[in-house]
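Understanding the architecture of this molecule
Residues per chain are reported as follows:
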Amino acid sequence: MAAPPADSTSTPAFSQVCPFHAKLISNCRVTADDHFQDVRLIRLDTSTADASKLRHNPGDVLMVQPSNDPDLVSRFLHIVCQQSSSQPSTVINLHPTDSDMTIPLSTQLPLPCTLEVAATRYFDFQAIPSRYFFKLLSYFATSALEKERLQEFASNEGQEDRYSYCNRVRRTILEVLEDFPSASSNIPLSYLFDLLPAIQPRAFSIAS
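Keep in mind it's a predicted model, so treat the numbers as computed, not measured.

1. Structural notes on the environment of leucine 189
Along the chain, the position of leucine 189 falls in the loop between α7 (181-184) and α8 (192-195). Considered as a pair, leucine 189 and isoleucine 92 are 97 residues apart in the sequence and their alpha carbons are 8.8 Å apart. With sequence-adjacent residues up to four places away left out, leucine 189 is seen in contact with Ser86, Thr90, Ile92 and Leu115.

This is the structure we're talking about:
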């Protein structure tokens, strides 16, 4: 949670690099269960001493960093740990190999961490896969049929098929991994950060 101070010339007490950690008090749905929109009233505890440093101006937003559902995390770990030496408890650490590379913020992914923590807090396997995802995944397929299909989705000629398979039905990365078991069970741990995007924070208006 981050908000700039009233004086825009001063240094913010909290930011994306140094977020304010607020305890969740309640998360209540305010729309009917059969309503097409799931609107919620979320209450956060800002009674700590540090909360006195929070400031917000008209137009400011609250950035919330979500995490993956535990059941989906279990499905993902089952896939990537099937035929590899990796386990949910496998420890991950990242080091840039050139000056253009960036390491995830410690607030998003504390390093070193376990594969399970990265699957919970960092890997966005609920996103719709990109063309590059299919291209990279095809390198790990041991099934000729899977490799051919993945390469087709990654090609210019396969754009329409890729759209029908992914975008039209909003098929997620996790679901694609489950559809291509020979490739997904053969992904080296070191390639997960190239293959999967990071979970992005969600912005919510807090002042108008």
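2. Section: the environment of methionine 63
Inspection of the secondary structure assignment puts methionine 63 in strand β3 (residues 61-64). Spatially, the C-alpha atoms of methionine 63 and arginine 202 are 5.5 Å apart, while their sequence positions differ by 139 residues.

3. Focus: the pattern of salt bridges
Taken as a whole, this structure holds 5 salt bridges when the rule is applied. The residue aspartate 38 makes a salt bridge to arginine 29 at a minimum N-O spacing of 3.8 Å. Overall, arginine 29 belongs to the partly exposed group, its relative accessible area being 29%. When the shortest N-O distance is used, the salt bridge between arginine 40 and aspartate 38 registers 3.2 Å. Among the charged side chains, a salt-bridge network with shared partners connects Arg29, Asp38 and Arg40.

4. Brief notes about the packing of helix α4 (residues 144-154) against helix α5 (residues 159-167)
The N-to-C vectors of α4 and α5 enclose an angle of 105°; their axes lie 7 Å apart at closest approach. It follows from the interaxial angle that α4 and α5 lie roughly perpendicular. The residues of α5 that touch α4, namely those facing Arg149, Glu152, Phe153 and Ala154, are Asp161, Arg162 and Tyr165. Each residue belonging to the contact of α4 with α5 can be placed in one class, and the counts come to 3 nonpolar, no polar and 4 charged.

5. What about helix α3 (residues 131-138)?
Think of an α-helix as 3.6 residues a turn; residues three or four steps apart then line up on the same face. For α3, the full list of buried residues reads Phe133, Phe134, Leu136, Leu137 and Ser138. Check the buried side of α3 and you find it contacts α4, α5, α6 (173-179), α7 and α8.

6. Focus: the packing of aromatic side chains
In this structure the tally under the stated criterion is 11 aromatic pairs. Within the aromatic cluster, the residues linked to one another by ring pairs are Phe76, Tyr122, Phe123, Phe125 and Phe193.

7. Observations regarding the confidence of the model for the protein
Looking at the protein as a whole, the pLDDT averages 85, with 87% of positions reaching at least 70. The model gives residues 1-9 a pLDDT under 50, and that stretch makes 28 contacts with residues more than four places away or in other chains.

8. Focus on the nonpolar core
Core analysis: the largest hydrophobic core is formed by 39 residues, its most contacted members being Phe76, Phe123, Phe125, Phe133, Phe134 and Leu137. Counting residues per element, the ones that place at least two in this core are α1 (70-80), α2 (115-121), α3, α4, α5, α6 and α8. Ranked by residue count, the leading element in this core is α1, at 6 residues. Ignoring anything within four residues of it in the chain, the contact list for phenylalanine 134 reads Pro129, Leu150, Phe153, Ala154, Arg162, Tyr165, Cys166 and Val176.

9. Details of α1
For α1, every residue scored as buried is listed here: Leu72, Val73, Phe76, Leu77, Ile79 and Val80. In a view along the axis of α1, the buried residues occupy a sector of 155°, so they form one face of it. Away from the buried face of α1 by more than 90 degrees, exposed residues Pro70, Asp71 and His78 are located. The N-capping residue of α1, defined by a side-chain oxygen 2.8 Å from the backbone nitrogen of aspartate 71, is aspartate 69.

10. Concerning the environment of proline 181
Residue placement: proline 181 occurs in helix α7. Owing to a relative accessible area of 41%, proline 181 belongs among the partly exposed residues under this scheme. When the C-alpha positions of proline 181 and valine 80 are compared, they lie 9.4 Å apart, and in sequence the two are 101 residues distant.

11. Some details on the packing of α3 against α4
Direction vectors running N to C along α3 and α4 enclose 150°, while the axes themselves pass 8 Å from each other. The orientation of α3 with respect to α4, classified from their angle, is roughly antiparallel. Viewed along their axes, α3 and α4 form a crossing whose handedness is left-handed. Contacts between α3 and α4 involve Arg131, Phe134, Lys135, Leu137 and Ser138 from the former and Lys147, Leu150, Gln151, Phe153 and Ala154 from the latter. Across the contact of α3 with α4, the residue classes tally to 5 nonpolar, 2 polar and 3 charged.

How each quantity is defined
- Sequence order sets the numbering: in each chain, residues are counted from 1 along the sequence as written.
- Totals for whole chains, interfaces and linings use every residue, but because this is a predicted model, local features are given only for residues with pLDDT of at least 70 and side-chain atom pairs only at 80 or more, for both listing and counting.
- Hydrogens and water molecules were not included; the side-chain quantities draw on all heavy atoms of the structure.
- Where helices and strands are cited, they refer to DSSP runs of H or I of at least four residues and of E of at least two residues respectively, numbered from the N terminus.
- Throughout, a residue-residue contact means that at least one pair of heavy atoms, one from each residue, lies within 4.5 Å.
- Just to be clear on terms, a salt bridge is a Lys or Arg side-chain nitrogen sitting within 4 Å of an Asp or Glu carboxyl oxygen.
- Only protein chains enter the area calculation, which uses a 1.4 Å probe; residues under 20% of their type maximum are buried, those over 50% are exposed, and those in between are partly exposed.
- Here an axis means a line fitted to C-alpha atoms, over the contact stretch when the element is a helix, while the angle between two N-to-C directions is reported on a 0 to 180 degree scale.
- The cut-offs work like this: below 35 degrees is roughly parallel, past 145 is roughly antiparallel, 65 to 115 is roughly perpendicular, and the gaps in between are oblique.
- Residues are sorted three ways: Asp, Glu, Lys and Arg are charged, Ala, Val, Leu, Ile, Met, Phe, Trp, Tyr, Cys and Pro are nonpolar, and all the rest, Gly among them, are polar.
- Within 6.5 Å between ring centres, the rings of Phe, Tyr and Trp (the latter by its six-membered ring) count as paired, and their orientation is classed by plane angle as stacked under 30 degrees, edge-to-face over 60, tilted in between.
- What pLDDT reports is the predictor's confidence in each residue, on a scale of 0 through 100.
- Side-chain atoms within 4.5 Å link the members of a nonpolar core, which is a set of buried Ala, Val, Leu, Ile, Met, Phe, Trp, Tyr and Cys residues.
- Relevant arc is that of directions from the helix axis to the C-beta atoms, nothing else.
- Between N or O atoms, a polar contact is any pair within 3.5 Å; within protein, one atom must be a potential hydrogen donor and the other a potential acceptor, and residues adjacent in sequence are included only when both atoms are from side chains.
- Crossing handedness follows the turn of the near helix against the far one: under a right angle anticlockwise gives a left-handed crossing, and clockwise gives a right-handed one.

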